Amino acid sequence: MHSHIILSRQVNTSKIIDHLAQQNILLDPIKRNYLDAFYRERIIKLNVSNIDESKIDVGIREMALALHNTSNYF
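Residues numbered from 1 in each chain as written. Predicted model: local features only at pLDDT ≥ 70, side-chain atom pairs only at ≥ 80, totals over all residues. Heavy atoms only, no water.

So what exactly am I meant to see when it comes to the side chain of N72 here?
Following the sequence through the fold, N72 ends up in the segment after α2 (53–68). Among the polar contacts listed, one links the side chain of N72 to the backbone oxygen of A66, at a separation of 2.9 Å. Residue contacts for N72: discarding those within four places in its chain leaves Q10, V11, N12, K15, I16, H19 and A66. (Helix = DSSP H or I, 4+ residues; strand = E, 2+ residues; numbered from the N terminus. Polar contact = N/O pair within 3.5 Å; in protein donor to acceptor, adjacent residues only side chain to side chain. Contact = heavy atoms within 4.5 Å.)

Here you go:
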């Protein structure tokens, strides 16, 4: 299953992705899905196809904590 989250402009997408990678939660920035000259939304892609179902809730909780952490904002 693939999905995405649209983030507010204040969120530092790179910091969120790096922070969650340290928790073994791997997210993919959407930038490679855009042409260079186009405006890029702040979107992170989610893919739970290869994840044990019991770990999805943990990942969602960790993402919520990271998004509430003001150090991950500009």
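Just to check I follow, could you spell out the environment of L46 for this structure?
Within the secondary structure layout, L46 lies in strand β3 (residues 43–47). Here the alpha-carbon distance between L46 and P29, two residues 17 residues apart in the chain, equals 9.4 Å. Leaving out residues up to four positions away in the same chain, L46 has contacts with M1, H2, S3, H4, I5, L27 and M63.

Can you walk me through the packing of helix α1 (residues 13–21) against α2 in this structure?
What describes two packed helices is the angle between their axes and the distance between those same axes. Where α1 meets α2, the axes come as close as 10 Å, and the angle between the chain directions of the two elements is 135°. One finds that α1 runs oblique with respect to α2. Along this stretch, α1 crosses α2, giving a crossing that reads as right-handed. Contacts between α1 and α2 involve I16, H19 and L20 from the first element and E62, M63, A66 and L67 from the second. Looking at side-chain class alone, the contact of α1 with α2 contains five nonpolar, one polar and one charged residues. (Axes fitted to C-alpha atoms, helices over the stretch in contact; angles between N-to-C directions. Parallel < 35°, antiparallel > 145°, perpendicular 65-115°, else oblique. Left-handed = near helix turned anticlockwise from the far one by under 90°. Nonpolar A, V, L, I, M, F, W, Y, C, P; charged D, E, K, R; others polar.)

I keep staring at the environment of I17 and nothing clicks. Help me out?
In this structure, I17 sits in helix α1. Sequence separation between I17 and M63 is 46 residues, and the spatial gap between their C-alpha atoms is 9.4 Å.

Can you help me understand the nonpolar core in this one?
Buried together is how nonpolar side chains tend to be arranged in soluble globular proteins. Grouped together as the largest cluster of nonpolar side chains are eleven residues: L7, V11, I16, I17, L20, I25, L27, I44, L46, M63 and A66. Secondary-structure elements contributing two or more residues to this core are α1, β3 and α2. In terms of residues, this core owes the most to one element, α1, which gives three residues. The contacts of A66, once residues within four sequence positions are left out, are I16, H19, L20 and N72. (Core = buried A, V, L, I, M, F, W, Y, C linked by side-chain atoms within 4.5 Å. Buried < 20%, exposed > 50% of the residue type's maximum accessible area, 1.4 Å probe, protein only.)

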